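Working through the structure, step by step
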Amino acid sequence: MADWAPQYSKAERIRLLLFHAAWAVPLFLLTEFFFFPWFERYVETAHCHHYGSVNGLALVLYSLFIGLPLGLALILLAIEGRHSVRVLRLGQSPLPDEKVFRPARYVYGHRARIKPLLFFVLVLFLCGVSVQGFFWADAMIDTLSPDVNRCLGQALQDA
């Protein structure tokens, strides 16, 4: 039985599920009911806002095409990066001090390094999409012609 990784008990699984649900559900509700409606209203008049030399529309497009993939890559690195580096160094998966949810045999050598390598390829791909996103956003900004009447309507409401 030594070639099988230790498993979480049922109580540990439930505790982990409740812990992650405690932060994920409120985050989901906040984004669904507050952020997305606000963002939808903001995008309609983003071209009317100016932040220094940056137009609001440019800020939205650069954030979506550059910030989103880059942010996802950074979050993935923060969550899984250290684990993947340890697996690459040791050449063992699951790690010696790691519990698993379902029965899993220990895998050694090159077979253990495949998933971490694919993970880092994914992170590099997201960084590449982020770099390419600069050119996509730049081209899209040049082709868009926003409705200026919305800005005038907002200015009249503010006055």
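Please read all numbers here as calculations on a predicted model, not as lab measurements. Starting afresh in each chain, residues are numbered from 1 along the sequence in its written order. Selection of residues for local features in this predicted model requires a pLDDT of at least 70, selection of side-chain atom pairs for listing and counting requires 80 or more, and totals for whole chains, interfaces and linings are taken over all residues. Values shown for side chains rest on all heavy atoms present in the structure; no hydrogens or waters enter the calculation.

It is worth spelling out unusual backbone geometry at this point. For the bond from Ser93 to Pro94, the omega torsion is -10 degrees, close enough to zero to count as cis. By secondary structure assignment, the location of Pro94 is in the loop between strand 3 (92–93) and strand 4 (107–108). Counting from the N terminus, the helices are the DSSP runs of H or I reaching at least four residues and the strands are the DSSP runs of E reaching at least two.

This paragraph deals with the packing of helix 2 (residues 56–90) against helix 3 (residues 110–143). Every axis corresponds to a line fitted to the C-alpha atoms, with the helix fit spanning only the stretch in contact, and the corresponding angles, defined between N-to-C directions, vary from 0 to 180 degrees. Taken N-terminus to C-terminus, the directions of helix 2 and helix 3 make an angle of 170 degrees; their axes are 9 Å apart at the nearest point. In terms of their interaxial angle, helix 2 and helix 3 are classed as roughly antiparallel. The hand of the helix 2/helix 3 crossing is left-handed. A class-by-class count of the residues in the contact of helix 2 with helix 3 yields 30 nonpolar, four polar and four charged. In these notes the angle categories are as follows: under 35 degrees is roughly parallel, over 145 is roughly antiparallel, 65 to 115 is roughly perpendicular, and the rest is oblique. Here is the rule for handedness: rotate from the far helix to the near one, and if that takes an anticlockwise turn smaller than a right angle the crossing is left-handed, while a clockwise turn gives right-handed. Under the grouping applied here, Gly and all other residues not named as nonpolar or charged are polar, the nonpolar ones being Ala, Val, Leu, Ile, Met, Phe, Trp, Tyr, Cys and Pro and the charged ones Asp, Glu, Lys and Arg.

Another point: a nonpolar patch on the surface. A cluster of nonpolar side chains, Val25, Phe28, Leu29, Leu30, Phe33 and Phe34, forms an exposed patch at the surface whose accessible area comes to about 650 Å². Within the secondary structure, Leu30 is located in helix 1 (residues 10–44). Two distance rules govern patches: like charges are joined within 9 Å, and nonpolar side chains (Val, Leu, Ile, Met, Phe, Trp, Tyr) within 5 Å, applied only to residues with over 30% relative accessible area and no salt bridge. Computed by Shrake-Rupley with a 1.4 Å probe, the accessible areas treat only the displayed protein chains as cover when residues are assessed. Between Lys or Arg on one side and Asp or Glu on the other, a salt bridge is scored when a side-chain nitrogen of the former is within 4 Å of a carboxyl oxygen of the latter.

Residue placement: His47 occurs in the loop between helix 1 and strand 1 (50–51). Type-normalised accessible area, obtained with a 1.4 Å probe on protein chains alone, sets the label of each residue: buried when under 20%, exposed when over 50%, and partly exposed for intermediate values. Taking the relative accessible area as the measure of exposure, His47 reaches 11% and is therefore buried. Excluding residues that lie within four positions of it along the chain, His47 makes contacts with Asn55, Leu57, Pro146, Asp147, Val148 and Cys151. Contacts: residue pairs with any heavy atoms within 4.5 Å of one another.

Moving on, we come to the packing of aromatic side chains. Pairs were defined over the aromatic rings of Phe, Tyr and Trp, the Trp ring being its six-membered one, requiring ring centres within 6.5 Å. Orientation was assigned from the angle between planes: stacked under 30 degrees, edge-to-face over 60, tilted for the rest. If you walk through the whole model with that rule in mind, you get eleven aromatic pairs. Measuring from centroid to centroid gives 5.7 Å for Tyr62 and Phe134, while their planes differ by 15 degrees, and the two rings are stacked. In this pair, Tyr62 is assigned in helix 2 and Phe134 in helix 3, connecting sequence segments 72 residues apart. Since its relative accessible area comes to 23%, Tyr62 is described here as partly exposed. Clustering of aromatic rings is evident, with ring pairs tying together Phe35, Phe36, Trp38, Phe39 and Tyr42.

All told, the structure shown has three salt bridges when counted by the stated rule. Of the charged contacts in the structure, one is a salt bridge between Asp97 and Arg86, with a shortest N-O distance of 3.4 Å. One end of the pair, Asp97, is in the loop between strand 3 and strand 4; the other, Arg86, is in helix 2, and eleven residues separate them in sequence.

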